[in-house]
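Each chain, written out:
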Amino acid sequence: MKRIGVLVSGGGTNLQSIIDAVSQGKVAAEIGVVVSNKPGAYALERAALHHIPSRVVDHRQYQSVMEFTRAILEIMKENKIDLICLAGFLRILDRLLVDAYPNRILNIHPALLPAFGGKGMYGHHVHEAVIVSGAKFSGATVHLVTAETDVGPIVVQDTVAVDDADTPESLAAKVLQVEHRVYPQAIRLVLEDRIIIDGLRVKLKPGSH
Ligand code: GAR
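Remember, predicted model here, so these are calculated numbers, not experimental data. (Residues numbered from 1 in each chain as written. Predicted model: local features only at pLDDT ≥ 70, side-chain atom pairs only at ≥ 80, totals over all residues. Heavy atoms only, no water.)

A.B. asks: Tell me about the overall build of the protein chain, and name the residues and values.
C.D. replies: Helices and strands together make up the secondary structure of the protein chain, namely six helices and nine strands. Over its C-alpha atoms the protein chain spans a radius of gyration of 16 Å, differing by no more than 12% from the 17 Å that the globule rule assigns to 209 residues. Dimensions of the protein chain, computed from C-alpha atoms along their principal axes, come out at roughly 50 × 45 × 35 Å. A sequence separation of at least 24 residues applies to 63% of the contacts in the protein chain between residues at least 6 apart. Accessible surface computed for the protein chain: about 10,300 Å², of which carbon and sulfur atoms make up 53%. Across the protein chain, the 22 positively charged side chains and the 22 negatively charged ones have centroids separated by 4 Å. (Helix = DSSP H or I, 4+ residues; strand = E, 2+ residues; numbered from the N terminus. Rg over C-alpha atoms; globule rule 2.2 N^0.38 Å. Contact = heavy atoms within 4.5 Å. Areas by Shrake-Rupley, 256 points an atom, 1.4 Å probe, with all protein chains shown as cover. Lys, Arg positive; Asp, Glu negative; His and termini not counted. Charge placed at Lys NZ, Arg CZ, Asp CG, Glu CD.)

See below:
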């Protein structure tokens, strides 16, 4: 059984979608550990409710991003994690983790990358920027994590319409529904080794869907 490590910072609705997909047999894996950089994150409660081990790695207690990342990497190794999922994890990590888990780290982003990504583009900042830009569509993107923020190969992406009446909050809610659908799909494709990475393009192996 493949083991997933989930990194979180907040409410953890994406963590919940992964927990649900695992318990419904849609993702053949077990969640080995949940790590939060925020001590009080509700995502930790969700882990506890489902008897999933969790750890807090508070970024404020580390001298550098590299040391913070090393602490997370140690936990991933201790728990024999095969695939790391960033699920509303709002800290930038050192490339140490990417080097240790090449093409084995996924991130979910609440917009259609490569637009509206990069440093500072997280949570409500993303939805505000989308509305201000006048874009008619937004969506959710699950991508492989590379050393540079939000530019790794896209595994699954889906859209929502941006309506004239949308606020950042209403857009976030619509996008979140898509996130909960596409993240388990992407995890499944990667865990089942059904993707071919061709530069930035992720192709499905013949016969996969
Ligand atoms: C989600 O919308 C996720 O895409 C976003 O934070 C939210 C976390 O929600 N992540 C980013 O913006 C990363 N750049 P959750 O804690 O309920 O899963």
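There is more to say, and it comes next.
A.B. asks: Residue-level account of the pattern of salt bridges, with values.
C.D. replies: According to the stated counting rule, one finds eleven salt bridges in the structure shown. Of the charged contacts, one joins Asp 193 and Lys 205 as a salt bridge, the two residues approaching to 3.4 Å between their closest N and O atoms. One end of the pair, Asp 193, is in the loop between helix H6 (168-191) and strand S8 (195-198); the other, Lys 205, is in the segment after strand S9 (201-204), with twelve residues separating them in the sequence. Here the salt bridges share partners, and the residues they tie into one network are Asp 163, Asp 166 and Lys 174. (Salt bridge = Lys/Arg side-chain N within 4 Å of Asp/Glu carboxyl O.)

A.B. asks: Give me the site of the ligand: which residues, what numbers.
C.D. replies: Around the ligand sit 14 residues in total, of which Gly 12, Thr 13, Asn 14, Gly 123 and Glu 179 are the nearest. Measuring from an oxygen atom of the ligand, one finds a backbone N or O atom of Gly 123 at 2.9 Å. A distance of 2.7 Å is found between an oxygen atom of the ligand and a side-chain nitrogen or oxygen belonging to Glu 179. When isolated, the ligand has an accessible area of 450 Å², and the protein chains bury 87% of it. Breaking the shell around the ligand down by element, the ones donating at least two residues are helix H1 (13-23), strand S5 (105-109) and H6. Of the residues belonging to the shell around the ligand, the class tally is six nonpolar, seven polar and one charged. (Near = heavy atom within 4 Å. Polar contact = N/O pair within 3.5 Å; in protein donor to acceptor, adjacent residues only side chain to side chain. Nonpolar A, V, L, I, M, F, W, Y, C, P; charged D, E, K, R; others polar.)

A.B. asks: Give a description of the pairing of S8 that names residues and reports values.
C.D. replies: Both S8 and S9 contribute to a ladder of four bridges, which runs antiparallel. Paired with Ile 195 across the bridge in S9 is Leu 204. (Pairing = 2+ DSSP bridges.)

A.B. asks: Help me get a handle on the side chain of Asn 107, residues and values and all.
C.D. replies: In this structure, Asn 107 sits in strand S5. If we ignore the near neighbours within four places in the chain, the residues touching Asn 107 are Leu 86, Thr 141, Val 142, His 143, Val 145, Asp 150 and Tyr 183.

A.B. asks: Explain the packing of aromatic side chains to me, using residue names and the numbers behind them.
C.D. replies: Scanning all chains against the criterion turns up two aromatic pairs. Measuring from centroid to centroid gives 6.3 Å for Phe 68 and Phe 89, while their planes differ by 10°, and the two rings are stacked. Of this pair, Phe 68 sits in helix H3 (residues 65-78) while Phe 89 sits in the loop between strand S4 (83-86) and helix H4 (95-100), placing them 21 residues apart in sequence. For Phe 68, a relative accessible area of 3% translates into the label buried. Under the relative-accessibility criterion, Phe 89 is labelled buried at 8%. (Phe/Tyr/Trp six-rings, centres within 6.5 Å; stacked < 30°, edge-to-face > 60°. Buried < 20%, exposed > 50% of the residue type's maximum accessible area, 1.4 Å probe, protein only.)

A.B. asks: Give me the nonpolar core: which residues, what numbers.
C.D. replies: Counting residues in hydrophobic clusters, the biggest one holds 41 residues, and the most contacted among them are Ile 4, Val 6, Leu 106, Val 155, Tyr 183 and Ile 187. Sort the elements by how many residues they give to this core and H6 lands first, with ten residues. Excluding its chain neighbours within four sequence positions, the residues that come into contact with Ile 4 are Ile 18, Val 27, Ala 29, Glu 30, Ile 31, Gly 32, Val 33, Ile 81, Leu 83, Cys 85, Ile 187 and Leu 191. Counting 20 residues, the second largest nonpolar core, distinct from the first, contains Ile 72, Met 76, Phe 89 and Val 98. (Core = buried A, V, L, I, M, F, W, Y, C linked by side-chain atoms within 4.5 Å.)

A.B. asks: Run through helix H5 (residues 124-133), naming residues and quoting values.
C.D. replies: Of all the positions in H5, only Val 126, His 127, Ala 129 and Val 130 are classed as buried. Here the buried residues of H5 occupy an arc of 160° about the axis, which is enough to place them on one side. Of the surrounding elements, those touching the buried residues of H5 are S5, strand S6 (137-144) and H6. Taken from the residues just after H5, Gly 134 is the one with a positive phi, measuring 85°. (Arc of directions from axis to C-beta.)

Just geometry here; none of it tells us what the structure is for.
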